Amino acid sequence: MLRRSSILLLIFCSQLVHCRQAKSYVRTHELPNYDKNSINHILFLDFQITREKENGAVKAELINAIAGNGKMKDLGSGRGHPDQIKAVHYFSDRRTPVEMFYEHPLSRTVEVFSQDGNLGKSTHTARQGTLSIRFQEDQAREKIELYSVTPDQGAVKIYSLLVKK
Amino acid sequence: MKTSFTAITALLLVSIGALAQKFPVDTIYKAGSIDNRVNIVILGDGFTQGELPKFLNESKKFADFFLSYSPYNRYRNYFNIFSIGTPSKESGITNPGTAFDAYSDQPVEAKDTYFGASFGNSVHRLVTISNYTVLSNLLAVNLPSYDLVVVLVNSPWYGGSGGSFAVHTLHEQANKIGVHEIGHTLTHLNDEYWAGSGYGWEAPNMTANSNIATIKWRNWLNTPDIGVFRHGNGEASNWYKPTATNCLMEVLHREFCKVCREATAERILELVNPVEQFSPDNAEAVVMHEKGMSFAVRLLAPVPNSLMVEWSLGGKPLDVKTDHVDIPSAALTTRITDLTASIFDSTLISRQDDRKVRRTKTVTWKLERKDIPMNFHIVAAKDTLCAGESTTLTAQGCLGTLNWSTGESTQVITATPGLSTDFTVSCYERGTDNIHPAGITIVVSPLPIVSASNTGPYFKGAQIELKANATDSYDWTGPDNFKSVLQNPVIKNADTVNRGIYTVTTRNWAGCVASASTQVIIDALPVADNDLHSSVQVFPNPAKGRIFIKVKPTGPSNFILYDVAGRELLRKTFVQATEINLHKLESGIYVYSLSNGKNETAGKLLLE
Ligand SMILES: [Zn+2]
């Protein structure tokens, strides 16, 4: 049975940066579908990424978190995108933080396939999108930070998620 | 600067109970354990409860298509394919009908479906899904260990998209979209069409390096269709691809090119270990029975089976190529002897230089004969090497910890000595104060010195003169099955089949081998269009810094200058006469082509 669960959200609003960055935490053991009898867990997080007005600040909000059993392979991300979301994972055991890159949900590039076999790219900008990330549970993981990375603005921190047991 | 914060605490309730539902996971193709396979999950959108059998059938069709596609067909046992049927409230998917390229006979309709798939608003055939959290919940609950996701949408109209996962319709051409996208997500192949500014980066099938001696796919340059192809003009001119309109990563109606196939096979072998199991366990030394014992590895064979198994006992190869070996007790002459199985996939799909070293998997057992006292020594796989070669050194017979003169402490080390070297190792016997020393000398011979060149570039019909410089033997190979043992071989009446890379190999007294390559350029342009050739002047030739060109026919003429490797350096369009500044070019031989209307001519230009 799945339990309804809660994610505590703490928002620190800086008066200077107009609530650009939210801060919250998840307790992995309380996530929906977290099976205490399984040794290995995979965590799934979905963030809603928004930009209220053109050239406005990018904001992130955790809208869904769920766990699954098992191990996953790290296929890495081979594709570069001019616009990206960077997730930085911090660990308590002195490991170097691990950076992972994802396509920016507000500037998604999709391949367009013509019926004659030719291919092309189409970039779609949006004011709202979903970032889905998946990673192996690691007892030493303490924090995940999200950065919006764009050619004109560089890397801007948009979210900080504390990971608790 | 001072920043003041106010803190607000809010409670966010995430209610997912209704969405995170368990569904039956259908196994379409199960080859083995999830941890040692690449796992593809096929999802469906726009299939109602009653249409789930149709979805399962379509999933099987895609799985069959994928598993028969080269090189996945050889490695079909390295994949598991699952499908999860999720019922949509309505059949079919949304068609906004707003795009310029919307199909006129396809009804415009809005559908309530599980993942919210829709044809595109602005580009019609761009079919995407929208319910990402539904997708996360479905995968977390039903198949969290998936590696690749393919979403089939229930529409007969052509469309699809790629990103972190593939989406495509049931149109018969659309399944290639899934295979193309898996090329991106699994193997990190780049597109071989120019996808626009910012889309050039180093990938197995894209590079900024056009040097034929060092380019990633150098080992394929002698094969048909593979070369060094510029992506285009402008920013694209900095990037190269291995073939032109000849690969699934460029056009959907082609299969993967050889370079993409190689990368795919290498990637599969990186993720899946061909050694599934072995027996007996090797965590502790195996105490031998008097009558001897059997050792076995269980292998995951590609089709056809390209796995090679080699066994060695005490560092010496055994004459056994099978997946098991019987070791009689009498074969062991020391207290501790290592038995090693080395497994290598010798597939011809890959020509990567370091593949054997990188991909050989080994299983080692320590065989113990309790009736023999300890004898500690080093075994070298080879004790004479050519410069640049490596050998493994194995410390045999230590029941304790090791300390090599190289600072390493593993049982097997790899040594690449530049000169003859003495290696030593100490064995600190467990539970005692005993230290046992051992040593070995590895003799290293120098490599021969060799260089290669040719007198080209040539035009069709010319005589190719290859030149080598070495002190020992000459062994040439090249395009069109060219072979020669002469120092300076000659090929008469050159044709386009003769162009490409020629390699000369030499071997010295110590058996050490070195090789050098030279690229022969044969211009496919007509030797001379007599009408134009006689009415063109390119002078001075040899030139110093600038040239003048005069053409008798009126109308625009095009002048293109290439280096001897065939790379375009400059082009100019002019009428009848022009002057071109070449100060920036290094001295050497260049090739030009000149065209006027349908007439073309070409020539060599020497720059001093
Ligand atoms: Zn390719």
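Residues numbered from 1 in each chain as written. Chains lettered and ligands numbered in written order. Predicted model: local features only at pLDDT ≥ 70, side-chain atom pairs only at ≥ 80, totals over all residues. Heavy atoms only, no water.

(A) How the structure looks around the overall build of chain A. Counting secondary structure elements, chain A contains 0 helices and 11 strands. The N-to-C order of helical and strand elements in chain A reads β-β-β-β-β-β-β-β-β-β-β. Within chain A, the proportion of its 165 residues that are buried is 52%. About 8,000 Å² of surface is accessible on chain A, with carbon and sulfur atoms providing 47% of the total. (Helix = DSSP H or I, 4+ residues; strand = E, 2+ residues; numbered from the N terminus. Buried < 20%, exposed > 50% of the residue type's maximum accessible area, 1.4 Å probe, protein only. Areas by Shrake-Rupley, 256 points an atom, 1.4 Å probe, with all protein chains shown as cover.)

(B) View of the overall build of chain B. Broken down by element type, chain B carries 6 helices and 40 strands. Buried residues in chain B amount to 50% of all 608 residues. Taking as baseline every contact in chain B between residues at least 6 positions apart, the subset at least 24 positions apart corresponds to 60%. About 28,400 Å² of surface is accessible on chain B, with carbon and sulfur atoms providing 51% of the total. (Contact = heavy atoms within 4.5 Å.)

(C) Molecular detail of the side chain of Ser306(B). Mapping Ser306(B) onto the fold places it in the loop between β12 (293-299) and β13 (307-313). Discounting residues that sit within four places of it in the chain, Ser306(B) has contacts with Tyr75(B), Phe344(B), Asp345(B), Ser346(B) and Thr347(B).

(D) Region of interest: the pairing of strand β11 (residues 154-164) of chain A. Residues and elements named next belong to chain A. As paired strands, strand β10 (residues 141-150) and β11 are joined by 8 bridges and run antiparallel to one another. What sits directly across from Tyr147, in β11, is Lys157. Here β10 folds back onto β11, and the loop between the two strands holds 3 residues. (Pairing = 2+ DSSP bridges.)

(E) Highlighting the coordination of the zinc ion. Residues and elements named next belong to chain B. Protein-derived ligands of the zinc ion are Glu192 (OE), Cys247 (SG), Cys257 (SG) and Cys260 (SG), with the metal-ligand distances lying across 1.9 to 2.4 Å. Classification of the site at the zinc ion as tetrahedral follows from its 4 donor atoms and the range of 99 to 121° in their angles at the metal. For the zinc ion, all donor residues lie on one chain, and their spacing in sequence is E-x54-C-x9-C-x2-C. With a gap of 68 residues between them, Glu192 in the loop between α3 (175-187) and β8 (229-230) and Cys260 in helix α4 (residues 258-271) connect regions that are remote in the sequence. (Donors = N, O, S within 2.8 Å, 3.2 Å for Na, K, Ca; no water. Tetrahedral: all angles 85-135°; square planar, octahedral: opposite > 155°, others 65-115°.)

(F) Spatial organisation of helix α1 (residues 52-67) of chain B. All names here are of chain B. Look at α1: 22 Å from first C-alpha to last across 16 residues, which is about the 22 Å you get at 1.5 Å a residue. Among the residues of α1, those classed as buried are Leu52, Phe55, Glu58, Ser59, Phe62, Ala63, Phe66 and Leu67. Viewed end-on, α1 has its buried residues packed into an arc of 165°, placing them on one side of the element. Tucked inside the fold, the buried residues of α1 contact β2 (25-29), β3 (38-45), β4 (79-84), β5 (148-153), β7 (166-169) and α3. (Expected span 1.5 Å × (residues − 1). Arc of directions from axis to C-beta.)

(G) Molecular detail of the confidence of the model for chain A. Residue and element names in this part refer to chain A. With 84% of its residues at a pLDDT of 70 or more, chain A has an overall mean of 81. Per-residue pLDDT, averaged within each element of chain A, yields its smallest value for strand β1 (residues 5-14) (36) and its largest for strand β3 (residues 41-51) (94). Across residues 1-20, confidence stays below pLDDT 50; counting only partners more than four residues off in sequence or on other chains, it has 69 contacts. (pLDDT = per-residue confidence, 0-100.)

(H) Spatial organisation of α3(B). Residue and element names in this part refer to chain B. In this model, α3 (13 residues) spans 18 Å end to end at C-alpha, consistent with the 18 Å of a helix rising 1.5 Å per residue. In terms of residue burial, α3 counts as a mostly covered element, since 13 of its 13 residues are buried. Once α3 finishes, His188 follows within two positions and takes phi at roughly 60°, a positive value.

(I) Fine view of the sheet that holds strand β31 (residues 500-507) of chain B. Residues and elements named next belong to chain B. Overall, antiparallel pairing links the 4 strands, which are arranged β29-β28-β31-β32 in an open sheet. Since the sheet does not close on itself, it has two edges, and those belong to β29 (482-484) and β32 (513-520), each with one partner. Adjacent strand axes in the sheet meet at a mean angle of 15°, parallel and antiparallel pairs treated alike. When strand β28 (residues 475-478) meets β31, the two strands line up antiparallel, connected through 3 bridges. Of the residues in β31, the one forming a bridge with Asp475 is Thr505. (Axes fitted to C-alpha atoms, helices over the stretch in contact; angles between N-to-C directions.)

(J) Geometry of the pairing of strand β40 (residues 599-607) of chain B. All names here are of chain B. Two elements, strand β39 (residues 588-596) and β40, share 9 bridges in a ladder whose sense is antiparallel. In the sheet register, Ser593 faces β40, and the bridge partner there is Ala602. Linking β39 back to β40 in an antiparallel pair, the connection comprises 2 residues, with Gly597 at a positive phi of about 60°.

(K) Seen up close, a nonpolar patch on the surface. Together, Val564(B), Ile589(B) and Leu606(B) line one region of the surface with nonpolar side chains, adding up to about 200 Å² of accessible area. Mapped onto the elements of the fold, Val564(B) is located in the loop between β36 (556-562) and β37 (568-575). (Patch = residues over 30% accessible without salt bridge, like charges linked within 9 Å, V, L, I, M, F, W, Y side chains within 5 Å. Salt bridge = Lys/Arg side-chain N within 4 Å of Asp/Glu carboxyl O.)

(L) Representation of the state of the cysteines in the model. In total, this model carries 2 disulfides over all chains according to the counting rule given. Disulfide connectivity for chain B, with bonded cysteines indexed by sequence position, reads 1-4, 2-3. (Disulfide = S-S within 2.5 Å.)

(M) How the structure looks around the environment of Val363(B). All names here are of chain B. By secondary structure assignment, the location of Val363 is in strand β17 (residues 361-368). In sequence terms Val363 and Val297 are 66 residues apart; their C-alpha atoms lie 8.2 Å from each other. Those residues in contact with Val363 that sit more than four places away from it in its chain are Val275, Phe278, Asn282, Val297, Leu339, Thr340 and Ala341.

(N) Representation of the packing of aromatic side chains within the structure. All names here are of chain B. Under the counting rule described, the total for this entry stands at 21 aromatic pairs over all chains. Considering the side-chain rings of Phe66 and Tyr72, the 4.1 Å spacing of their centres and the 25° angle between planes classify their relative orientation as stacked. Among the residues examined, Phe66 registers a relative accessible area of 0% and is labelled buried. Owing to a relative accessible area of 0%, Tyr72 belongs among the buried residues under this scheme. Arranged with centres 6.1 Å apart and planes meeting at 70°, the rings of Tyr72 and Phe256 form a pair that is edge-to-face. Here Phe256 lies in the loop between β9 (240-241) and α4 and Tyr72 lies in the loop between α1 and β4, a separation of 184 residues in the sequence. (Phe/Tyr/Trp six-rings, centres within 6.5 Å; stacked < 30°, edge-to-face > 60°.)

(O) Spotlight on the sheet that holds β2(B). All names here are of chain B. One open sheet accounts for 6 strands, arranged β2-β4-β3-β5-β7-β6; its pairing is mixed. Two strands in the sheet have a free side with no partner beyond their single neighbour: β2 and β6 (160-161). Judged from the 6 bridges that link them, β3 and β4 form a sheet pairing that is parallel. Following the sheet pairing, Ile42 is matched in β4 by Ser83. Contacting β3, β4, β5, β6 and β7, α3 crosses the sheet at an angle of about 175° to β7.

(P) Main features of the side chain of Ser148(A). Residues and elements named next belong to chain A. Structurally, the position occupied by Ser148 is in strand β10. The buried category is assigned to Ser148, whose relative accessible area is 4%. Side-chain polar atoms of Ser148 contact the side chain of His104, separated by 2.9 Å. Setting aside residues up to four positions removed in sequence, Ser148 forms contacts with Val58, Gln84, Ile85, His104, Gly154, Ala155, Val156 and Ile158. (Polar contact = N/O pair within 3.5 Å; in protein donor to acceptor, adjacent residues only side chain to side chain.)

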